[in-house]
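Topology and contacts: notes
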Amino acid sequence: MKRIDKAYINGEFVTLHGNDVFDLINPSNHQKIAEVVLGTEQDTIAAIAAAKAAFKTFSKTTVEERIAILERLKAEVSKRQEDLIEVMIQEYGGTRKFCEMSMQFTVSAFDSTIATLRSYDFQRIAGETLVQMTPVGVVGIITPWNASNSFICGKFATAIAAGCTVVVKPSEMSASQTEILLECFHAADLPKGLFNLVNGLGSTVGATITAHPAIAKISFTGSTITGKLIAKGAVDSMKRVTLELGGKSPNIILEDADLEKVIPMAVFGAYMNSGQACVAPTRLLVPKSKLAEVNAIAKAAAAQVQVGLPTDTASHVGPMVSEKQYERVQRYIQLGLDEGAELLAGGLGKPEGLEDGNFVKATIFTGVNNAMRIAQEEIFGPVLSIIPFEDEDDAIAIANDTNYGLAAYISSGDEERALRVAAQIDAGRVNINGFKHDPLAPFGGFKQSGIGREYGTYGLEAYLEPKAILI
Ligand code: NAD
């Protein structure tokens, strides 16, 4: 049985001190793939020490030197794209389509960071004063399992651009993917101590990073509940935090939208990354007068959604990452039934022929009231709630009636009108008439979806401290 027992510290693969292991299970068939040794506080402290020592020199590197490192990383990660995709499918259960797209994002993160770096002014004048944008220090990077490589590369690339060194704690469930990524990073011939990584649990490795005084900033992507723990832990040493947390994103369909076009898109969009996407549009807000028509189109669209093995290129929805996640989604489907929502498609249990993995039926509830828990809480599975509204103002009120504020989507035949509605929505990203991604535009959440922004200049500045020099 394969055993992953190495951390990456100070440019070397070193054996972890931990005795405990975590089993890596293929979510499509429950076969054990490998086991990962869980790192300890001691391992984490060693990684932090290496990053701290390296910061002294790395923080003084030039833009050109940083760009050269980013280019090398891009080249090495690009070489292993196929391996990374295969392991992601096996370990995480992402569909081939999703994993390929995620890999494109992963590689393009280096390009967009280079573009940002080339145009960024680290010195400027405010009033009569020289302002220098200086690297914040050692950054602790803590990531989830739903697009592991992409988060690690995106955050690490930004840290490099800023002149920061890092200690990374990926999800323990992503250790096989991380192992390949580490091989890429090692091949990129990085300065020693620039990148350090320790596998392990959040309660040990994550908590040590959060508490350690030598960590100046934490960049975290994960659940809101963990984000709050990190924010509380970070305040004692006044760490800067960027928190990319959960979502319950509204998808507003105004009555002048072409329903035959936008409703199928809304259904497939809600199931992006098998429903395990922070930005998934899981609340579909539709005009009450058109509910019957929407239901019919949505039901027909759901019948086209193929839940299947992630290796199959035809599959739109793969298994949930773990049995725990499968059980969580089942509990929410039961809750929807108990709350009195009308089941339009899917429901409890596994689709026929897929009993060996963590597969969930592509599920739609309709006639959902926004006060129901299925409309308020992040399910993180292929479960869509259709919520009727009376008029535009009601749609805006329902869209904003949530603790979250990560993304929102608006469909309308009138772009000006959609823009007016967008201005009234509390969300970090609002998509009009489609699902778009811009790696240079800020990404992050309002309210309990997080603190701070990633990507482009906004993301870079979250790793920098302005220093005013008055002469
Ligand atoms: P999670 O919060 O359970 O875990 C995320 C990471 O935090 C893991 O590495 C975990 O080990 C670590 N962790 C757990 N407890 C910790 C602690 N006490 N201290 C420090 N670290 C700790 O999230 P998950 O289940 O891995 O991922 C799914 C969640 O991530 C969803 O809520 C989803 O919305 C969110 N997410 C957000 C974004 C975004 O950009 N906003 C993107 C993807 C996922």
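Computed from a predicted model, the values in this text were never measured in an experiment.

**Focus: empty space enclosed by the protein**
Inspection of the entire model under this criterion finds 3 cavities of 30 Å³ or more. If you go around the largest cavity, you meet 13 residues; those closest to its centre are Asn251, Met265, Ser411, Gly434 and Phe435. Secondary-structure elements contributing two or more residues to the lining of the largest cavity are β13 (250-253), α9 (259-270), β18 (407-411) and β19 (429-432). Among the residues making up the lining of the largest cavity, the classes are represented as 8 nonpolar, 5 polar and no charged. By volume, the second largest cavity is sized at about 60 Å³. As for the second largest cavity, its lining consists of Gly247, Gly275, Ala277, Cys278, Ala280, Thr282, Glu378, Ile379, Phe380 and Gly381.

**Section: the packing of helix α5 (residues 148-162) against helix α6 (residues 175-187)**
Remark: α5 packs on α6, axes separated minimally by 10 Å, with the N-to-C direction vectors making an angle of 35 degrees. Both α5 and α6 take part in a crossing whose hand is right-handed. For the pair α5 and α6, contact is made by Ser148, Asn149, Ile152, Cys153 and Phe156 and by Gln177, Thr178, Leu181 and Phe185, respectively. Taken together, the residues of the contact of α5 with α6 break down into 5 nonpolar, 4 polar and no charged.

**Looking at α9**
Helix length check: α9, at 12 residues, gives a terminal C-alpha distance of 16 Å against a target of 16 Å (1.5 Å per residue), a fit within 8%. Every buried residue of α9 is accounted for by Leu259, Val262, Ile263, Ala266, Val267, Gly269 and Ala270. All buried residues of α9 lie within an arc of 165 degrees about the axis, which places them on one face of the element. Exposed and facing more than 90 degrees away from the buried side of α9 are Glu260 and Lys261. Contacts made by the buried residues of α9 are with β13, β14 (283-287), α10 (291-304), β16 (363-366), β17 (383-389) and β18. Where α9 begins, the capping side chain belongs to Asp258, and its oxygen is found 3.2 Å from the backbone nitrogen of Glu260.

**Here's the deal with the sheet that holds β19**
Taken together, the 7 strands give an open sheet; going across it, the order is β15-β16-β17-β14-β13-β18-β19, and neighbouring strands pair in mixed fashion. Both outer strands of the open sheet, β15 (342-345) and β19, are each paired with one neighbouring strand and no more. Each adjacent strand pair in this sheet contributes to an overall mean axis angle of 25 degrees, direction not counted. Sheet topology note: the β13/β14 ladder contains 3 bridges and is parallel.

**As for the domain arrangement of the chain**
Assigned domains within the chain: domain 1 (2-245 + 447-469) and domain 2 (250-432). Computed over C-alpha atoms, the centres of domain 1 and domain 2 are 31 Å apart. Taken together, the contacts link 23 residues of domain 1 with 35 residues of domain 2. Across the domain 1/domain 2 interface, buried area totals approximately 2,300 Å², and carbon plus sulfur atoms make up 53% of it. Summed over the shared surface of domain 1 and domain 2, the result is 0 salt bridges.

What counts as what
- Residues numbered from 1 in each chain as written.
- Predicted model: local features only at pLDDT ≥ 70, side-chain atom pairs only at ≥ 80, totals over all residues.
- Heavy atoms only, no water.
- 1 Å grid on protein atoms, 1.4 Å probe; cavity = no way out; pocket = protein on both sides within 12 Å on 5 of 7 lines; lining within 4 Å.
- Points joined across faces, edges and corners; volume = space filled by probe spheres on them.
- Helix = DSSP H or I, 4+ residues; strand = E, 2+ residues; numbered from the N terminus.
- Nonpolar A, V, L, I, M, F, W, Y, C, P; charged D, E, K, R; others polar.
- Axes fitted to C-alpha atoms, helices over the stretch in contact; angles between N-to-C directions.
- Left-handed = near helix turned anticlockwise from the far one by under 90°.
- Contact = heavy atoms within 4.5 Å.
- Expected span 1.5 Å × (residues − 1).
- Buried < 20%, exposed > 50% of the residue type's maximum accessible area, 1.4 Å probe, protein only.
- Arc of directions from axis to C-beta.
- Polar contact = N/O pair within 3.5 Å; in protein donor to acceptor, adjacent residues only side chain to side chain.
- Pairing = 2+ DSSP bridges.
- Domains from an automatic or database assignment.
- Buried area = accessible area lost by both parts, 1.4 Å probe.
- Salt bridge = Lys/Arg side-chain N within 4 Å of Asp/Glu carboxyl O.

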